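Spelled out from the first residue to the last, the chains are:
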Amino acid sequence: MKICLVLGDQLSHGISSLGDLASIDTVMMCEVRAEATYVKHHKKKITFLFSAMRHFAQELAQKGVTVRYVRYDDPENQGSLRAEVVRAIQEIGVTELVVTEPGEYRLLDEMKQWESSIGIPVDMRPDDRFLASHEDFKDWATGRKQLRMEYFYREMRQRYSVLMDHNGPIGGQWNFDAENRKPPQKGMQVDPTYATEPDEITLDVMSLVATHFTDHFGDIDPFHYAVTREGALDALALFVRERLEHFGDYQDAMVQGEPWMFHSHIGLYLNCGLLVPLECIEAAESAYHKGHAPLNAVEGFIRQILGWREYVRGIYWLKMPAYKDTNFLEAKRALPQFYWDAQTNMNCLRQCVLETKRNAYAHHIQRLMVLGNFALLAGLDPAEVNEWYLLVYADAYEWVELPNVHGMVLFADGGVLASKPYAASGSYIKKMSNYCDSCSYKVSLKNGPKACPFNYLYWDFLDRNQTKLRGNPRMGFMFKTLDRMGDAKRTAIQEDARRFLCTLENADQA
Ligand code: FAD
Ligand code: DLZ
Ligand code: SF4
């Protein structure tokens, strides 16, 4: 008997493991403790994934496929994928296993042992839902001094003929980012995101998660995400119709009480397979050609998927497992409690944590320039920060989370991914959001107990890390400014930073 194991983030009917469905006797899917708790995933993330898995299994069954679906609360559930494969061998006599390679190193490493440790042939197939294979990325990276996303992206544009005009980019430029940094406008109205009512299957999963994952972070209610391919396609269509037009202009803007802004909110669908990247790219490109969205918006959106998404996956597989253990800036401060309970007087951080807790979502600039920027400036331990990001977001899997957090945010890889740390003072947050209007700190103050902590933490970060960062050509200007500061100013910065970081460790509120 030949079985095919489909993992929770492999919910694509066209995935390689299901390529020759006629030769498969049974498809197996398992809700297991090991996957749900290797980090304590957000309750909404588990709800989303278990419900999407159950809907996918139902679709397969409707196609006439025999599905062995192991529910989380099945008394026979063995708690791990491996143990469930072993049980299937004992119960139904499996002789061969087909699987698409998992998206995370830890599971791939484990699965590579299965053939010898379980004793049946394992046919592990490449994950061809991505647009660049491991080999493609390795070929691109070979011989390059720097692995910059922009150059990878240009090759991908050419290879897939996306937004191309003969041999050059449409509009004469590869990248329109300079047009994509508009601050929010006062009184900005944002349309609601895609929302659907939970059906019976989702309601069942919601109550299962409420019972079994009490100590996990996050809210289950309200649950509005799509859990089927059909729903995910509707969410994509809604984005293209109503939000894409403004995606570029306000890509970096943040507004209090507007968690969704003009982003697409499709990351969770893409990463579990309900959507595939090329169809999202084509939908956006087609909107441009029909005149429904401007080039800066469409190019910006396509770059995220064809460029960043493929590039970070390439970096992950190229550099793992050593990548995870790097800590270039030797950061070691514990993750503050407010990342869990939002109990901080820093309004920007409070809002971003509250939205993360409610939605298992925060948009890119909240992740990068608020939550991430603080982690970088405060010198938080990369392992703790990575774990937090991996568990709180519904779209988080290590292949995409780790390069973004470890590389882009924390510069823990020493510059493999980013050419310099994305460090910023409070003035960036002031410019790109309205958070500062409701904050008890003053963004205009540079020092003292009422000053915005980002202001002195920024300079203290440069001061603390100057031996490691001074040589970076892109940081010369910042170090020149630091060098021009008088001793008194520098001492005030150091003292404010010390006082603030001390309260962070000792007090309930920062
Ligand atoms: P949009 O802003 O609408 O972008 C469209 C799509 O482009 C996304 O759905 C995603 O598939 C892709 N994309 C955009 N930026 C990136 C990027 N930097 N890397 C890879 N893909 C990208 N993305 C994840 O999918 N999972 C994560 O765990 C994750 N963790 C992140 C952690 C940090 C610190 C940062 C700075 C970014 C992280 N990202 C992650 C990238 C990005 O923030 C999310 O993909 C995005 O916020 C998801 O929301 P959206 O679908 O509305 O995206
Ligand atoms: C994220 C996740 C969760 C929460 N639960 C399951 C599960 O019960 N069963 C399963 O097959 N997959 C789950 N996943 C997704 C896996 O963790 C994912 O396949 C690996 O991390 C590889 O990307
Ligand atoms: Fe954040 Fe500083 Fe603005 Fe407060 S003043 S919201 S801490 S940037």
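Look up a bit, the structure's there.
Figured I'd write up the structure that's included with this text.

Reading the values: the criteria
- As a convention, each chain's residues are numbered from 1 in the sequence order in which they are written.
- All chains are assigned letters beginning with A, and all ligands numbers beginning with 1, in the order in which they are written.
- Only residues with pLDDT of 70 or above have their local features reported here, since the model is predicted, and side-chain atom pairs are shown and tallied only from 80 upward, although totals for entire chains, interfaces and linings are computed over all residues.
- In computing side-chain properties, one takes all heavy atoms of the structure into account and sets aside hydrogens as well as water.
- Salt bridges, as used here, are contacts in which a Lys or Arg side-chain nitrogen is within 4 Å of a carboxyl oxygen on Asp or Glu.
- Helix numbers and strand numbers start at the N terminus; a helix is a DSSP run of H or I with at least 4 residues, a strand a run of E with at least 2.
- Only protein chains enter the area calculation, which uses a 1.4 Å probe; residues under 20% of their type maximum are buried, those over 50% are exposed, and those in between are partly exposed.
- Only heavy atoms are used to decide nearness, and a residue is near a molecule or strand if one of them lies within 4 Å of it.
- Side-chain atoms alone can form a polar contact between residues adjacent in sequence; in general such a contact is a pair of N or O atoms within 3.5 Å, and within protein one must be able to donate a hydrogen while the other accepts it.
- Each accessible area value is a Shrake-Rupley result obtained with a 1.4 Å probe; residue values ignore everything except the protein chains displayed when judging cover.
- Between two residues, a contact is recorded if the distance between any of their heavy atoms is within 4.5 Å.
- When two rings of Phe, Tyr or Trp (its six-membered ring) have centres within 6.5 Å they constitute a pair, described as stacked for plane angles under 30 degrees, edge-to-face for angles over 60, and tilted for the intermediate range.

## Focus: the pattern of salt bridges
Under the counting rule described, the total for this entry stands at 27 salt bridges. Asp496 is paired through a salt bridge with Arg499; the nearest N and O atoms lie 3.0 Å apart. Of this pair, Asp496 and Arg499 are both found in helix 23 (residues 487-506), three residues apart, which corresponds to roughly one turn of the helix. By relative accessible area, which is 8% here, Asp496 ends up buried. Residues joined by salt bridges that share partners form a network here, namely Arg68, Asp74, Glu84, Arg87 and Glu91.

## Points about the site of ligand 2
Around ligand 2 sit 19 residues in total, of which Asp9, Cys30, Val32, Glu35 and Arg106 are the nearest. At 2.7 Å, a backbone N or O of Cys30 approaches a nitrogen atom of ligand 2. Within the side chain of Glu35, an N or O atom sits 2.6 Å from an oxygen atom of ligand 2. Considered on its own, ligand 2 offers 490 Å² of accessible surface; in the complex 100% of this is hidden by protein.

## A short note on the environment of Asp496
Separated by 411 residues in sequence, Asp496 and Val85 place their C-alpha atoms 56 Å apart. Those residues within four positions of Asp496 in sequence are excluded, and the remaining contacts are Asn447, Gly448 and Tyr456. Here Gly448 takes part through its backbone nitrogen, which lies 2.8 Å from a polar atom of the side chain of Asp496. Here the side chain of Asp496 touches Arg499 through a polar contact of 3.0 Å, side chain to side chain.

## Section: the packing of aromatic side chains
Summed over the entire model, instances satisfying the criterion amount to 34 aromatic pairs. Measuring from ring centre to ring centre gives 6.1 Å for Phe152 and Tyr311, while their planes differ by 45°; the resulting arrangement is tilted. With Phe152 in helix 7 (residues 149-159) and Tyr311 in helix 13 (residues 295-319), this pair connects stretches of sequence that are 159 residues apart. For the pair formed by Phe152 and Tyr311, the shared burial category is buried. A centroid spacing of 5.5 Å and a plane angle of 75° characterise the contact between Phe217 and Trp340, whose relative ring orientation is edge-to-face. Of this pair, Phe217 sits in the loop between helix 8 (200-212) and helix 9 (229-242) while Trp340 is found in helix 14 (residues 338-341), placing the two residues 123 residues apart along the sequence.

Don't take any of this as a statement about function, it's just geometry.
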